[in-house]
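Residue strings, one per chain:
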Amino acid sequence: MQRLRVRYAKRGRLRFTSHRDISRAVERAVRRAGIPVAYSAGFSPHPKISYAGAAPTGVASEAEYLEIGVTAPCDPEQVRSSLDGSLPPGLDVIDVVEAGQGGLADRLEVSDWEVRLPGADRELAEVAVEKFLAEGAVEVERLTKKGPRRFDARGAVLGLTVSEGTERTAAQVQRGPCVILRMVVRHMTPAVRPDDVLTGLRLVADFAPPVPPEVTRLAQGPLDASTGALADPLGLDRDTTRGGEAGPAGEHVGG
């Protein structure tokens with residue numbers, strides 16, 4: 001059985017779609033695109049589609065990943081084109097490669113997040129970030145399915161910077177200045193999310209954005225120990241005959 005690894009984006013209003021609804025949309029798109037997906041055995045067969053490192057509901061992402069098992073050899077570029085055309089706008093297929101050795105989930109070690117804070121004060125944000133990074137640990141509390149849980153939000157944060165954004169849409173311009181946080185966060189258990197880091201900023205410096213943040217995952221993948229940068233999680237799988245080589249996780253290379 002051939003396995004195909006897919007990188008896709010979750011954009012616009014689709015960021016509010018639950019993971020279950022995204023899974024259903026992908027299954028319908030796979031059938032519509034004519035991809036010969038494999039099914040599990042048993043009384044209730046399911047398509048062999050698995051997901052790794054899915055972003056929370058309400059968060060946009062440029063780097064979501066799934067894997068499809070197929071019963072016949074498929075050309076990855078044709079699958080990318082047909083699957084992308086069968087998904088609703090906002091679920092956009094960026095890349096497809098044939099899976100090699102090793103598990104995909106094991107390569108998703110770190111995420112690079114962009115958190116836009118419309119109307120926030122940059123100087124206050126910089127002070128809060130400085131205080132947060134100076135702490136050895138910042139305990140936050142989040143309500144989980146098993147009830148409230150306390151954990152350290154500081155230890156997972158490998159990088160946290162502040163900049164001022166150039167507004168991209170008319171609505172963003174109308175809201176005024178926008179502070180942008182870029183955070184590189186290691187995947188841990190429990191997972192530390194951008195909203196947990198924002199909670200930490202509030203606890204250490206009483207910094208709170210005036211409106212809900214706009215969060216986008218820009219990339220996720222393994223951490224390159226030599227450079228400290230995120231690497232492409234599909235780099236080990238990428239077929240160099242497509243004319244490309246493994247590159248940074250946030251960059252579409254080849255094809």
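Residues numbered from 1 in each chain as written. Predicted model: local features only at pLDDT ≥ 70, side-chain atom pairs only at ≥ 80, totals over all residues. Heavy atoms only, no water.

- As recorded in an unreviewed UniProt entry, the chain goes by the name Radical SAM-linked protein, listed as coming from Nonomuraea wenchangensis.

### Digging into the side chain of Arg154
Step number 1: Locating Arg154 in the fold gives a position in the loop between strand E7 (147–152) and strand E8 (157–164).
Step number 2: Within the buried core, Arg154 has no salt-bridge partner, and the shortest N-O distance to an opposite charge, that of Asp152, equals 7.1 Å.
Step number 3: In this structure, Arg154 is in contact with Phe132, Leu133, Glu135, Gly136, Ala137 and Val138, ignoring residues within four places of it in sequence. (Helix = DSSP H or I, 4+ residues; strand = E, 2+ residues; numbered from the N terminus. Buried < 20%, exposed > 50% of the residue type's maximum accessible area, 1.4 Å probe, protein only. Lys, Arg positive; Asp, Glu negative; His and termini not counted. Salt bridge = Lys/Arg side-chain N within 4 Å of Asp/Glu carboxyl O. Contact = heavy atoms within 4.5 Å.)

### Side note on the pairing of strand E1 (residues 2–10)
If a strand is regular, its side chains alternate between the two faces of the sheet.
Step number 1: Burial of E1 is extensive: eight of the nine residues sit out of reach of the surface.
Step number 2: Here E1 pairs with strand E4 (residues 91–98) via seven bridges, running antiparallel. Looking across to E4, one finds that Arg5 is bridged to Val97. (Pairing = 2+ DSSP bridges.)

### Considerations on the nonpolar core
Step number 1: Membership of the largest hydrophobic core comes to 28 residues, with the highest contact counts inside it found for Leu117, Leu160, Leu181, Met183 and Leu201.
Step number 2: Residue assignment for this core shows that the elements contributing at least two residues are strand E5 (110–118), helix H3 (122–134), E8, strand E9 (178–186) and helix H5 (194–205).
Step number 3: With near-sequence residues (within four places) excluded, Leu181 lies in contact with Trp113, Glu114, Val115, Leu117, Val129, Leu160, Thr161, Val162, Leu198 and Leu201.
Step number 4: Leu14, Ile22, Leu83 and Leu91 belong to the second largest nonpolar core, which has 22 residues in total. (Core = buried A, V, L, I, M, F, W, Y, C linked by side-chain atoms within 4.5 Å.)

### Description of unusual backbone geometry
Step number 1: Residue Pro190 is reached from Thr189 by a cis peptide bond, and omega for that bond is -5 degrees.
Step number 2: Structurally, Pro190 is set in the loop between E9 and H5.
Step number 3: Despite not being glycine, Asp206 has its phi angle at roughly 55 degrees, a positive value.
Step number 4: Among the structural elements, Asp206 can be located in the loop between H5 and strand E10 (214–221).
Step number 5: The exposure class of Asp206 is exposed, given its relative accessible area of 67%.

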